[in-house]
Amino acid sequence: MDYVIVYDSRTGNTEALARAVADALPEEGRLASGRVEEVGASALSRAERVYAGFWTNRGDCSDGMAELLSSLGGKEVFLFGTAGFGADETYFAGVMARAAAHVPESAKIVGTFMCQGRMPASVRERYERQAEAHPVQAARMAQLIENFDVALAHPDADDLARLREKVASL
């Protein structure tokens, strides 16, 4: 089966997932692998399956990925992504549902995978400033800081192994 791996990554988290997808698949049949802006329309049009990875932007996939997903009519699609707010399957499911909504009805989603990903240090700093400036929000900011600290370890070896296993089982 001819396939493409395409991803959008801001901090390297989703790029790490894309490498894990590539590790799980045979070289034979790979038409292209790279960032949204690097993978050409020709490879995408020839692919039977597209492995599409994204970072979470406002509870959805990135705008560039949304545009690409909307062009995948008639394809098999495997969606994978990372979210800084994580370890909550309900949140992950919501993000994935919103990303999947960009995929045309004529495409078939053959699998999905989400995991937590580390965030830039500026996010933690913003939470700290918010807690100082607005003491009434300090407890909520403490929860967000705790989540930030947990996210620093992700995607971890277990996340990558689970993704490789899922991709290899298709």
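Residues numbered from 1 in each chain as written. Predicted model: local features only at pLDDT ≥ 70, side-chain atom pairs only at ≥ 80, totals over all residues. Heavy atoms only, no water.

Asks: Teacher, can you tell me more about the pairing of strand β5 (residues 76-83) here?
Replies: Summarising burial for β5: seven of the eight residues are buried, a large majority. Examined bridge by bridge, strand β3 (residues 49-57) and β5 share seven bridges and lie parallel to one another. Residue Y51 lies in a different strand from β5, and its bridge partner there is F78. (Buried < 20%, exposed > 50% of the residue type's maximum accessible area, 1.4 Å probe, protein only. Helix = DSSP H or I, 4+ residues; strand = E, 2+ residues; numbered from the N terminus. Pairing = 2+ DSSP bridges.)

Asks: In this structure, what is going on with unusual backbone geometry? I would like to understand it.
Replies: When glycine is set aside, most residues are seen to have a negative phi, and most peptide bonds are trans. The amide bond that connects H154 to the next residue, P155, takes the cis arrangement and shows omega of -5°. With respect to the element layout, P155 can be found in the loop between α6 (138-151) and α7 (157-168). The residue R58 is not glycine, and still its phi comes out positive at about 55°. If you trace the backbone, R58 turns up in the loop between β3 and β4 (60-61).

Asks: Can you help me understand the packing of helix α5 (residues 121-133) against α6 in this one?
Replies: The geometry of a pair of packed helices is captured by two quantities: the angle between their axes and the separation between those axes. It is the contact of α5 with α6, at a shortest axis distance of 9 Å, that shows an interaxial angle of 165°. Considering the angle they form, α5 stands roughly antiparallel to α6. At the point where α5 passes α6, the crossing takes the left-handed sense. Of the residues in α6, those touching α5 at A121, V123, R124, Y127, E128, Q130 and A131 are A138, M141, L144, I145, F148 and D149. Counted by class, the contact of α5 with α6 contains nine nonpolar, one polar and three charged residues. (Axes fitted to C-alpha atoms, helices over the stretch in contact; angles between N-to-C directions. Parallel < 35°, antiparallel > 145°, perpendicular 65-115°, else oblique. Left-handed = near helix turned anticlockwise from the far one by under 90°. Contact = heavy atoms within 4.5 Å. Nonpolar A, V, L, I, M, F, W, Y, C, P; charged D, E, K, R; others polar.)

Asks: Looking at this model, I keep getting lost on the nonpolar core. Mind explaining?
Replies: V4, V6, F54, M65 and L69 are the most contacted members of the largest nonpolar core, which totals 27 residues. Mapped onto this core, the elements with two or more residues apiece are β1 (3-7), α2 (41-46), β3, α3 (63-69), β5 and α4 (89-100). Residues contacting L69, with those up to four places away along its chain left out, are A52, C61, V77, L79, A99, H102, V103 and P104. With 17 residues, the next largest nonpolar core counts L17, Y51, F80 and L163 among its residues. (Core = buried A, V, L, I, M, F, W, Y, C linked by side-chain atoms within 4.5 Å.)

Asks: What is the right way to read the pairing of β3 from this model?
Replies: Along a regular strand, successive side chains alternate from one face of the sheet to the other. Here β3 lies mainly inside the structure; nine of its nine residues are buried. One ladder, built from five bridges, connects β1 with β3; its direction is parallel. Paired with V4 across the strands is V50, a residue of β3. Alignment of β3 against β4, held across two bridges, turns out to be antiparallel. Bridge pairing in β4 links N57 to D60. The turn linking β3 back onto β4 is made up of two residues, and R58 within it adopts a positive phi angle of 55°.

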